[in-house]
Amino acid sequence: MKLGIVGLPNVGKSTLFNSLTKAGAESANYPFCTIDPNVGIVTVPDERLNKLAALYNSAKITPAAIEFVDIAGLVKGASKGEGLGNQFLSHIREVDAIVHVVRCFDDSNIVHVDGSVDPIRDIDTINLELIFSDIDILERRIAKVGRAAMNDKTLAKENDLLKRLKAHLEEGKSARSFETDDDDEKALIASYTLLTAKPVIYAANVSEDDLADDAASNEYVAEVRKFAASEGSEVFVVCAKIEEEISELDDADKKEFLADLGLSESGLDKLIKASYSLLGLISYLTAGPTETRAWTITKGTKAPQAAGKIHSDFERGFIRAEVVNYQDLLDCGSYTVAKEKGLVGLEGKDYVVKDGDVVLFRFNV
């Protein structure tokens with residue numbers, strides 16, 4: 001999974017990136033301190049892996065991973081070259097979702113690029129710049145397709161879609177809200193890698209005081225939640241400065257630190273849950289003496305396609321999947337006992353893999 005982090009300057013974007021990835025992107029109290037895209041890889045915490053590895057005495061544990069791309073802060077007019085312009089946009093066209101960091105705290109010592117804190121105005125500023133960039137992409141495609149559309153029915157159909165989609169964006173609406181029941185049109189829209197077609201997770205960056213009760217009394221956060229609900233987006237509350245402190249601690253100290261703050265999970269944990277929920281993702285597991293590993297797939301994925309995540313040969317030569325529930329396997333203490341108790345299923349090509357399935361694929365090529 002790949003997530004792009006966006007936001008106005010000085011909203012806590014790079015501080016959050018640093019704390020999530022420990023990649024060391026520069027963070028300072030002035031705009032544009034992040035000039036080049038920073039990329040960091042974060043492993044997805046999954047306690048099931050350690051327990052499975054202990055059961056199988058695995059030599060290696062490989063968790064699922066998330067790649068974060070942090071880009072320079074946007075300002076109004078970026079799509080027209082203001083600030084750093086839109087040079088960063090190509091770096092997030094291939095991400096699965098966008099994490100939009102929104103400032104939801106007052107602090108006179110930290111300059112706001114627009115002079116005051118207003119999360120909805122800030123969201124609109126970013127969204128408009130992304131829309132303008134998408135319109136530019138569509139206009140270039142229209143110029144290319146339009147010339148040949150007169151003599152090609154397929155291109156004529158695409159040209160019509162492009163014009164309807166462009167008109168939709170010009171009304172200030174995102175590509176996410178463009179409705180079509182045509183599967184071919186959906187495939188074309190996906191191929192354009194439009195930024196406003198990507199699902200969004202809003203990171204409401206609050207002060208430490210607002211963190212313990214999930215910012216229940218923070219009016220800024222309430223506005224962000226209402227806005228996100230209107231477009232079907234996810235929201236998670238985070239304090240970037242606290243996350244920065246947490247990132248320096250080992251696991252034991254981290255739990256104690258969170259408990260002292262009245263928290264049960266870190267901002268990274270919240271973001272991972274929000275990401276998996278928004279994108280409809282789950283993890284299945286494989287285990288053995290060599291390696292215990294988590295594999296991320298979309299809900300509804302059938303066994304052959306899940307096998308293809310490991311290797312294309314597994315999908316091509318799929319015979320069957322031997323499947324046992326993670327908890328059932330642990331309770332039994334071994335795969336052999338689970339099999340004796342009839343808890344290991346022999347599944348075919350139509351089996352839909354579930355979260356927490358421990359799977360052994362049989363294949364032949």
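Let me sum up the structure you'll find in this document.

Parameters and conventions
Residues numbered from 1 in each chain as written. Predicted model: local features only at pLDDT ≥ 70, side-chain atom pairs only at ≥ 80, totals over all residues. Heavy atoms only, no water. Helix = DSSP H or I, 4+ residues; strand = E, 2+ residues; numbered from the N terminus. Buried < 20%, exposed > 50% of the residue type's maximum accessible area, 1.4 Å probe, protein only. Contact = heavy atoms within 4.5 Å. Areas by Shrake-Rupley, 256 points an atom, 1.4 Å probe, with all protein chains shown as cover. Phe/Tyr/Trp six-rings, centres within 6.5 Å; stacked < 30°, edge-to-face > 60°. Lys NZ or Arg CZ within 6 Å of the ring centre and 35° of its normal. Polar contact = N/O pair within 3.5 Å; in protein donor to acceptor, adjacent residues only side chain to side chain. Pairing = 2+ DSSP bridges. Salt bridge = Lys/Arg side-chain N within 4 Å of Asp/Glu carboxyl O.

Here the focus is the overall build of the chain. In terms of helices and strands, the chain carries 13 helices and 12 strands. In terms of overall dimensions, the chain has C-alpha extents of about 65 × 65 × 35 Å along its principal axes. For the chain, the proportion of its 365 residues judged to be buried stands at 47%. Counting only contacts in the chain whose residues sit at least 6 apart along the sequence, the fraction spanning at least 24 positions is 69%. Surface summary for the chain: the accessible area is close to 17,800 Å², and the carbon and sulfur share equals 48%.

Looking now at the packing of aromatic side chains. Enumeration over the complete set of coordinates arrives at 5 aromatic pairs. Members of the aromatic cluster, joined through ring pairs, are Tyr-284, Trp-295, Phe-318 and Phe-361. Looking at Arg-293, its charged tip hangs above the ring of Trp-295, at a distance of 4.1 Å from the centre.

With that settled, consider the environment of Ile-5. Topologically, Ile-5 is positioned in strand β1 (residues 2–6). Judged by relative accessible area, Ile-5 falls into the buried class, the value being 0%. Look past the residues within four positions of Ile-5 in its chain and what remains in contact with it is Lys-13, Phe-17, Phe-68, Val-69, Asp-70, Ile-71, Val-99 and Val-101.

Mapped onto the secondary structure, Thr-292 falls in strand β9 (residues 292–298). At a separation of 2.7 Å, a polar atom in the side chain of Thr-292 contacts the side chain of Ser-58. In contact with Thr-292, not counting residues within four places along its chain, are Leu-49, Leu-52, Ala-53, Ser-58, Lys-60, Ile-61, Thr-62, Thr-286 and Ala-287.

Attention now moves to the pairing of strand β10 (residues 318–325). Bridge analysis of β10 against strand β12 (residues 357–363) gives 7 bridges, and the strand direction is antiparallel. Bridge pairing in β12 links Asn-325 to Asp-357. The pairing of β10 with strand β11 (residues 345–347) spans 3 bridges and is classified as antiparallel. If you follow Val-323 over to β11, its bridge partner there is Gly-345.

Here Asn-18 lies in helix α1 (residues 13–21). For Asn-18, a relative accessible area of 11% corresponds to the buried category. Asn-18 sits 89 residues away from Asp-107 along the chain, and the two C-alpha atoms are 21 Å apart.

What follows covers the pattern of salt bridges. Overall, the coordinates contain 23 salt bridges when judged by the stated rule. Between Asp-355 and Arg-48 there is a salt bridge, with its nearest N and O atoms 3.3 Å apart. Within this pair, whereas Asp-355 is found in the loop between β11 and β12, its partner Arg-48 is found in helix α2 (residues 47–56), the two being separated by 307 residues in sequence. Asp-184 is the partner of Lys-157 in a salt bridge, and the nearest nitrogen-oxygen pair spans 4.0 Å. Taken together, the residues Lys-157 in helix α4 (residues 153–170) and Asp-184 in helix α5 (residues 183–191) connect sequence positions 27 residues apart. One network of salt bridges, with partners in common, ties together Asp-46, Arg-48 and Asp-355.

Most of strand β8 (residues 281–286) sits out of view: 6 of its 6 residues are buried. Alternating residues of β8 divide into Leu-281, Ser-283 and Leu-285 and Ile-282, Tyr-284 and Thr-286, and every residue in both groups is buried. Pairing analysis gives 6 bridges linking β8 to β9, with the strands arranged antiparallel. Along β9, the bridge assignment pairs Thr-286 with Arg-293. Here β8 folds back onto β9 in antiparallel fashion, the turn holding 5 residues.

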